[in-house]
Amino acid sequence: MTVIRQSATASVWTRPTAFPYEPGTRGPIRATFAAGTEAPAWRRTDINGMNDISPQSDFVPSIALSGVNLSLGRGAARVHILKDIDLHIGRGEAIGLIGPSGSGKSTLLMVMAGLEQPDGGTVSVAGHDLGRLNEDELARFRGRHVGIVFQSFHLIPTMTALENVAVPLELAGVADAFARAERELAAVDLAERLHHYPAQLSGGEQQRVALARALAPNPAILIADEPTGNLDETTGRQIIELMFAGHMERNSTLVLVTHDTALAARCDRVVRLRSGRIEKPLPHMADA
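Residues numbered from 1 in each chain as written. Predicted model: local features only at pLDDT ≥ 70, side-chain atom pairs only at ≥ 80, totals over all residues. Heavy atoms only, no water.

**Digging into the nonpolar core**
Then comes step 1: The biggest cluster of nonpolar side chains holds 35 residues, and the ones touching the most others in it are Val165, Leu185, Val209, Leu222, Met243, Phe244 and Leu256.
Then comes step 2: At the level of secondary structure, the elements contributing two or more residues to this core comprise helix 3 (161–171), helix 4 (177–187), helix 5 (203–215), strand 9 (221–225), helix 6 (233–250) and strand 10 (253–257).
Then comes step 3: When residues in this core are grouped by element, the largest group, six residues, is from helix 5.
Then comes step 4: When near neighbours in sequence (up to four residues on either side) are disregarded, valine 209 contacts Leu155, Ala161, Asn164, Val165, Leu185, Leu190 and Leu201.
Then comes step 5: Membership of the second largest hydrophobic core comes to 31 residues, among which are Val68, Ile95, Ile148 and Val257. (Core = buried A, V, L, I, M, F, W, Y, C linked by side-chain atoms within 4.5 Å. Buried < 20%, exposed > 50% of the residue type's maximum accessible area, 1.4 Å probe, protein only. Helix = DSSP H or I, 4+ residues; strand = E, 2+ residues; numbered from the N terminus. Contact = heavy atoms within 4.5 Å.)

**Focus on the pattern of salt bridges**
Then comes step 1: Scanning all chains against the criterion turns up ten salt bridges.
Then comes step 2: For aspartate 176, the salt bridge is made with arginine 183, and the minimal N-O distance between the two is 3.7 Å. (Salt bridge = Lys/Arg side-chain N within 4 Å of Asp/Glu carboxyl O.)

**Thoughts on the sheet that holds strand 4 (residues 79–89)**
Then comes step 1: Taking strand neighbours across the sheet as the criterion, the four strands line up as 4-3-6-7 in an open arrangement whose pairing is antiparallel. Each having just a single partner strand, strand 4 and strand 7 (128–129) make up the two edges of the open sheet.
Then comes step 2: In terms of strand pairing, strand 6 (residues 120–125) meets strand 7 through two bridges, oriented antiparallel. Bridging from a neighbouring strand, valine 125 pairs with histidine 128 of strand 7. (Pairing = 2+ DSSP bridges.)

**Points about the environment of leucine 130**
Then comes step 1: Mapped onto the secondary structure, leucine 130 falls in the loop between strand 7 and helix 2 (135–145).
Then comes step 2: Overall, leucine 130 belongs to the buried group, its relative accessible area being 3%.
Then comes step 3: A sequence separation of 17 residues divides leucine 130 from alanine 113, and the C-alpha atoms of the two residues are 8.9 Å apart.
Then comes step 4: In contact with leucine 130, other than residues within four places in its own chain, are Val111, Met112, Gly114, Gln117, Val123, Val125, Leu138 and Phe141.

Spelled out as structure tokens, the structure:
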């Protein structure tokens, strides 16, 4: 598999009409620029001090956050985690979300997945305004539209690999849930481990089960929070290859949280968070 790498300056969409598509195409523009250089002038416009490296269009984004603020805790312990977040992500786009520990990356992912409700602002994912959904509706929304891969796998210990992958399919009412789960496990090279329990699998195998579970419902959005954080370098590299393959084959939107700038640079765009805010890109800043 070949993943085309974009090492252009990170950018943040600053108005709803700017998305990463050329008219008439199905997926995001993937271009390769030399490290440390900006996108060419024909693809770059400066809007409010930001770098927007996409053409203008009327496409609806896969993920749109506007004026999002979130605080956690009570009283003197209350902490403002996310501050005035404005971010639009196009359908099929891969975003690398980086920043120091405590900058709000994982919290932002949880907001996108509907697992955290912001104090203010709007969150639209796959055409759904999450602020208008109750808890049951959010759960059904996630089951149909969002796949999540966590750092710590979060497999059900009393279920086999096959059963773990079949769970979201059964909840979604898929008739051939186990046959489909078997195909997904085969796609991540676990055809011989279908009936093993998590405790009988290595860390890399458990993460492959988790990835198969996330991809099985064919979600519009794939969210990965430090998916290689508990793995050795070689195993982590295998997981990343499988994850990008799944993203590209299904044209899903990928949001990847990582501390690895080289890994983030494999995405179509890099977004940097610091102290709960999206940083403005600096001129000639390399992603890797």
